[in-house]
Amino acid sequence: MRYKRPDSKNALSIVEAAKREMKYTLSIKLTEESGSTIIRNIYECFRMLGDSLLVKKGIISQDHLEPVRELLKLQVSTPRPINLIDNLRILRHNINYYGYNPKIEEVKDALSFTESSFEIIYNQVLKNINE
């Protein structure tokens, strides 16, 4: 891990960008062709939330694992297990590096998790940054 000065302002900027991107991503019509993009974007928005927590602490992440681990540490109650974010990371990895084409059901599951949990996680991240 690399350290720098903690930056609450930058952390808030990242959180707001994640929210904007998620709003756009949820507006994309679900088709066979859009599935990969939807999964990638959903994962990226969650990763950004985790990254914002690291920026607030003054930590520069070296990979995607650190931001995801940071989210998994949150003391938050979500309708579905928060560790599904790590499943999204793996799915995104398979899409990007192995040409995997997600099934519509996988995309629907990711959307379901997002619709039930993103706002809860987003609010907890904001609370942690503002402390």
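Throughout, a residue's number is its position along its own chain's written sequence, starting from 1. In view of the model being predicted, local features appear only for residues whose pLDDT reaches at least 70, and side-chain atom pairs are presented and counted only at 80 or more, with totals across whole chains, interfaces and linings using the full set of residues. Based on all heavy atoms of the structure, the side-chain values leave hydrogens and waters out of the count.

1. Some words on helix α3 (residues 65-72)
To keep things clear, this is the line we draw: Exposed residues in this analysis have more than 50% of their type's maximum accessible area, buried residues have under 20%, and partly exposed residues fall in between, with area computed by a 1.4 Å probe over protein chains only. Runs of E in the DSSP output that reach at least two residues are strands. Runs of H or I that reach at least four are helices, and both are numbered from the N terminus. Contact definition: two residues touch when any of their heavy atoms are within 4.5 Å.
Buried within α3 we find E66, P67, V68, E70 and L71. On its buried side, α3 packs onto α2 (35-57), β2 (59-60), α4 (84-98) and α5 (104-130).

2. Comments concerning the packing of aromatic side chains
Note the cut-off: For Phe, Tyr and Trp, where Trp contributes only its six-membered ring, two rings pair if their centres lie within 6.5 Å, and the inter-plane angle classes them as stacked under 30 degrees, edge-to-face over 60, or tilted in between.
The final tally for this structure, using the stated rule, is 3 aromatic pairs. The interplanar angle of 35° and the centroid separation of 5.5 Å between the aromatic rings of F46 and F113 together place this pair among those described as tilted. In this pair, F46 sits in helix α2 while F113 sits in helix α5, placing the two residues 67 residues apart along the sequence. Considering the side-chain rings of F46 and F118, the 5.4 Å spacing of their centres and the 75° angle between planes classify their relative orientation as edge-to-face.

3. Concerning the nonpolar core
The condition is simple: As used in this record, nonpolar core signifies buried Ala, Val, Leu, Ile, Met, Phe, Trp, Tyr and Cys residues forming a set joined through side-chain atoms within 4.5 Å.
Formed by 35 residues in total, the largest nonpolar core has its most connected members in I42, F46, L49, L71, I85, I121 and V125. Listed by contribution, the elements that provide at least two residues to this core are α1 (8-27), α2, α3, α4 and α5.

4. Points about the packing of α1 against α5
To keep it simple, the criterion reads: Axes here mean lines fitted to C-alpha atoms, for a helix over just the part in contact, with angles spanning 0 to 180 degrees between N-to-C directions. Throughout this description, any angle smaller than 35 degrees is read as roughly parallel, any larger than 145 degrees as roughly antiparallel, any in the 65 to 115 degree range as roughly perpendicular, and the remainder as oblique. Left-handed describes a crossing whose near helix is turned anticlockwise from the far helix through less than a right angle; right-handed describes the clockwise counterpart.
Following both chains from N to C, one finds α1 and α5 inclined at 165°, their axes separated by 11 Å at the closest point. Considering the angle they form, α1 stands roughly antiparallel to α5. Along this stretch, α1 crosses α5, giving a crossing that reads as left-handed. For the pair formed by α1 and α5, the contact residues are S8, A11, L12, V15, E16, A18, K19, M22 and L26 on the first element and L111, T114, E115, F118, E119, Y122, V125, L126, I129 and N130 on the second.

5. So, the side chain of R89
Operational definition: We define a polar contact as two N or O atoms separated by no more than 3.5 Å, with the added condition that, inside protein, one atom must be a possible hydrogen donor and the other a possible acceptor, whereas residues neighbouring each other in sequence contribute only through side-chain atom pairs.
By the element assignment, R89 lies in helix α4. Here D86 takes part through its side chain, which lies 2.7 Å from a polar atom of the side chain of R89. Excluding its chain neighbours within four sequence positions, the residues that come into contact with R89 are Y43, H64, L65 and V68.

6. Concerning the environment of S8
Of note, S8 is situated in helix α1. When its relative accessible area of 30% is taken as the criterion, S8 is described as partly exposed. Separated by 44 residues in sequence, S8 and S52 have C-alpha atoms that sit 8.4 Å apart. Ignoring sequence-local partners within four residues, the contact set of S8 consists of K56 and I129.

7. A closer look at the pattern of salt bridges
Just so we agree on the cut-off: The rule for a salt bridge is simple: a side-chain nitrogen of Lys or Arg has to be within 4 Å of a carboxyl oxygen of Asp or Glu.
All chains considered together, the criterion is met by 7 salt bridges. With a closest N to O distance of 2.3 Å, E70 and K57 form a salt bridge. With E70 in helix α3 and K57 in helix α2, this pair connects stretches of sequence that are 13 residues apart. Residue classification places K57 among the partly exposed residues on the basis of a relative accessible area of 45%. For the salt bridge of R80 with D109, the shortest nitrogen-to-oxygen distance reads 2.6 Å. With a gap of 29 residues between them, R80 in the loop between α3 and α4 and D109 in helix α5 connect regions that are remote in the sequence. Given the relative accessible area of 39%, D109 is considered partly exposed.

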